[in-house]
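Commentary on secondary and tertiary structure
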Amino acid sequence: MIAAVVIFLQLRSVLGRRTGNERPPFDPYSPRDMSQGPEKADNGKVVQLPRRDNVEDDSARYAAIDAFAKAGTPLNDQLRSLTDADNGFDPKEFVNGAKMAYEMIVMAFADGDRKTLKNLLSREVYEGFDAAIAERERKGEVVKSTFVGIEKADIVHAEVKDSEENITIRIVSQLISATYDKQGAIIDGDAESVAEVNDLWTFSRDIRSRDPNWKLIATESEN
């Protein structure tokens, strides 16, 4: 579990760490397999991680948890505790929404789109992203990225602390990304090869709030 907000001010061209498992060049003109990743929200600003309608029957609520995580495992217990506090929560729908948010955040950071980031990040995380974008702008650097897709997304931890529900998700994605200096030379990344990126992201929501949206409160790269 990530106990506190973790944000790397020295963000490189994309979030996460490249594994070195590079693939052949990605053809951006070929049909995209949408099962690899979610579509962006129409407004391009806010991703509402889905929540089910309130369900009073414990057995029905727990059935969705048991179908997602094996009964008796720590994750199952954590998700059951979370759904006790928020009976509108559904883990499968949460993962789908988190994948959508992940793509939007990664691309907004690459594009320097502060407006989109501000709606998806906690204040502390936004400040870190903003600082990294500002440093990039100061140096005259430009990031060009293509989001290929998400290979895997799994909830690894969930908890309710006071009125706040926090969920950490492990995401394995594929990106093409390169950073160019003011002269147009590549100084980081690769403009042709697909790189695998592994991230642990934590989303949070105040159960008492009428706002159904979750925000990113922590990022961490896996080794």
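For the structure itself, look to the data block above.
Let us look at the structure shown here. Note that this is a predicted model, so its numbers are computed, not measured.

Moving on to the overall build of the protein. Tallying secondary structure elements over the protein gives 5 helices and 5 strands in all. For the protein, the sequential pattern of α-helices and β-strands runs β-α-α-α-α-α-β-β-β-β. Out of the 223 residues in the protein, the part that is buried amounts to 45%. Pairs at least 24 apart in sequence give 70% of the contacts found in the protein among residues at least 6 apart. Split by element, the accessible area of the protein, about 11600 Å² in all, is 46% carbon and sulfur.

A few words on the nonpolar core. Ranked by internal contacts, the top residues of the largest apolar core, which has 39 residues, are Leu121 and Phe203. Within the residue set of this core, elements represented by two or more residues are helix H2 (74-85), helix H3 (91-111), helix H4 (114-120), helix H5 (123-139), strand S2 (142-161), strand S3 (164-180) and strand S4 (186-206). Top contributing element to this core by residue count: H3, with 11 residues.

As a further point, take H5. The end-to-end C-alpha distance of H5, which contains 17 residues, comes to 24 Å, matching closely the 24 Å that a straight helix rising 1.5 Å per residue would cover. Every buried residue of H5 is accounted for by Val125, Tyr126, Gly128, Phe129, Ala132, Ile133 and Arg136. Projected onto a plane normal to the axis of H5, the buried residues spread over an arc of 160° and lie on a single side. The outward face of H5, more than 90 degrees from its buried face, is lined by the exposed residues Arg123 and Arg138.

The next subject is the pattern of salt bridges. Following the criterion strictly, the structure yields 12 salt bridges and no others. The salt bridge involving glutamate 135 is made with lysine 139; its shortest N-O contact spans 3.6 Å. Remark: lysine 139 and glutamate 135 occur in helix H5; sequence separation between them is 4 residues, near one turn of the helix. For glutamate 135, a relative accessible area of 31% gives the class partly exposed. The class for lysine 139 is partly exposed, based on a relative accessible area of 40%. As a salt-bridge pair, glutamate 165 and arginine 205 come within 3.0 Å of each other at their nearest N and O atoms. Of this pair, glutamate 165 sits in strand S3 while arginine 205 sits in strand S4, and the two are 40 residues apart along the sequence. Each of the salt bridges in this network shares a partner with another, and the network as a whole consists of Asp86, Glu165 and Arg205.

A few words on the side chain of serine 122. Among the secondary structure elements, serine 122 is positioned in the loop between H4 and H5. Overall, serine 122 belongs to the buried group, its relative accessible area being 10%. When near neighbours in sequence (up to four residues on either side) are disregarded, serine 122 contacts Lys215, Leu216 and Ile217.

Moving on to unusual backbone geometry. Backbone phi values are negative for most residues with the exception of glycine, while trans is the configuration of most peptide bonds. The backbone phi angle of aspartate 162 is positive, close to 60°, even though this residue is not glycine. Its location among the elements puts aspartate 162 in the loop between S2 and S3. Aspartate 162 gets classed as exposed once you look at its relative accessible area, which sits at 76%.

About the thresholds
Residues numbered from 1 in each chain as written. Predicted model: local features only at pLDDT ≥ 70, side-chain atom pairs only at ≥ 80, totals over all residues. Heavy atoms only, no water. Helix = DSSP H or I, 4+ residues; strand = E, 2+ residues; numbered from the N terminus. Buried < 20%, exposed > 50% of the residue type's maximum accessible area, 1.4 Å probe, protein only. Contact = heavy atoms within 4.5 Å. Areas by Shrake-Rupley, 256 points an atom, 1.4 Å probe, with all protein chains shown as cover. Core = buried A, V, L, I, M, F, W, Y, C linked by side-chain atoms within 4.5 Å. Expected span 1.5 Å × (residues − 1). Arc of directions from axis to C-beta. Salt bridge = Lys/Arg side-chain N within 4 Å of Asp/Glu carboxyl O.

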